[in-house]
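Topology and contacts: notes
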Amino acid sequence: HSPFPDMPDGTFTAEETARLGRIQDSTRNGFGQSLIMLDHAVHNLTVALKSAGFWENTLFIYSSDNGGCHLAGTYNYPLRGQKYYLFEGGMRVHAFMA
């Protein structure tokens, strides 16, 4: 969620920084930074669970709570609607289990 804090230098790899550099819109760039940080957090959690011997007995569920809001720079096309709506764009989200 916005506003997005400035990340300290060295937070992102050179490849991640290059990817973020291609996103011109500052709001969407902030979302990109947040997603990369989420990837880092999931990696850290996975490593910790494996090193503690819990990974084989863990069900990891990753899901969102709602579709994006176009006022915050998100894009739900081709789904109709957005956050706060009962159309697919407001309710249909990505998820996975591992």
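For the structure itself, consult the block above.
Residues numbered from 1 in each chain as written. Predicted model: local features only at pLDDT ≥ 70, side-chain atom pairs only at ≥ 80, totals over all residues. Heavy atoms only, no water.

**Describing a nonpolar patch on the surface**
The line we're drawing: Here the term patch refers to residues with relative accessible area over 30% and no salt bridge, with like charges joined within 9 Å and nonpolar side chains (Val, Leu, Ile, Met, Phe, Trp, Tyr) within 5 Å. In this description, accessible areas are obtained by the Shrake-Rupley approach with a 1.4 Å probe, and a residue is regarded as covered only by the protein chains that are shown. Note on definitions: salt bridges are taken to be side-chain nitrogens of Lys or Arg within 4 Å of carboxyl oxygens of Asp or Glu. Under the DSSP-based scheme used, a helix requires at least four consecutive residues in state H or I and a strand at least two consecutive residues in state E, with every element numbered from the N terminus. Only protein chains enter the accessibility calculation, which uses a 1.4 Å probe; a residue whose area is less than 20% of its type maximum is buried, one above 50% is exposed, and one in between is partly exposed.
Taken together, the side chains of Leu59, Ile61 and Met97 make up a nonpolar region of the molecular surface, amounting to roughly 360 Å² of accessible area. When you line up the elements, Leu59 lands in the loop between helix H2 (26–51) and strand S1 (61–63). Using a relative accessible area of 57% as the deciding quantity, one classes Leu59 as exposed.

**Considerations on H2**
Along an α-helix, a turn takes 3.6 residues, which lines up residues three or four apart on a common side. The line we're drawing: The span you would expect from a helix comes to 1.5 Å times its residue count less one. Working rule for contacts: check all heavy atoms of both residues, and any pair within 4.5 Å makes them a contact.
When the terminal C-alpha atoms of H2 are compared, their 37 Å separation across 26 residues agrees well with the 38 Å that a helix rising 1.5 Å per residue should span. Along H2, the residues that are buried comprise Asn29, Gly30, Gly32, Gln33, Ile36, Thr46 and Leu49. As for H2, its buried residues are in contact with helix H1 (14–21). At the exit of H2 stands Gly53, carrying a positive phi of roughly 80 degrees.

**Overview of the side chain of Gln33**
Summarising the element assignment, Gln33 is placed in helix H2. Beyond its immediate chain neighbours, meaning those up to four positions away, Gln33 contacts Pro5, Met7, Phe12 and Leu20.

**Some details on the packing of aromatic side chains**
Stated precisely, the cut-off is as follows: Aromatic pairing here means that ring centres of Phe, Tyr or Trp (its six-membered ring) are within 6.5 Å. Orientation follows from the plane angle: under 30 degrees is stacked, over 60 is edge-to-face, and everything else is tilted. Put simply, a charge is over a ring when the Lys NZ or the Arg CZ is close to the ring centre, within 6 Å, and near the line of the ring normal, within 35 degrees.
Under the definition given, this model contains 3 aromatic pairs. Ring geometry for Phe60 and Phe96: centres 6.3 Å apart, planes at 45 degrees, overall tilted. Highlighted residues: Phe60 in the loop between H2 and S1 and Phe96 in strand S2 (residues 95–97), separated in sequence by 36 residues. Relative accessible area serves as the criterion here: at 12%, Phe60 is assigned to the buried category. The class for Phe96 is partly exposed, based on a relative accessible area of 39%. Taking the centre distance of 6.4 Å and the plane angle of 25 degrees together, the rings of Tyr85 and Phe87 count as stacked. On the accessibility criterion, Phe87 (34% relative accessible area) is partly exposed. Cluster of aromatic residues (ring-pair linked, three or more members): Phe60, Tyr62 and Phe96. Lying over the aromatic face of Phe87, Arg80 brings its terminal NZ or CZ to 3.7 Å of the ring centre.

**Notes on the pattern of salt bridges**
Counted by the stated rule, this structure contains 2 salt bridges. Notably, a salt bridge pairs Arg19 with Glu15, separated by 2.8 Å at the nearest N-O pair. With Arg19 and Glu15 both in helix H1 and 4 residues apart, the pair spans about one turn of that helix. Between Glu88 and Arg92 there is a salt bridge; the shortest N-O distance is 3.5 Å. Look at Glu88 and you get partly exposed, because its relative accessible area is 44%.

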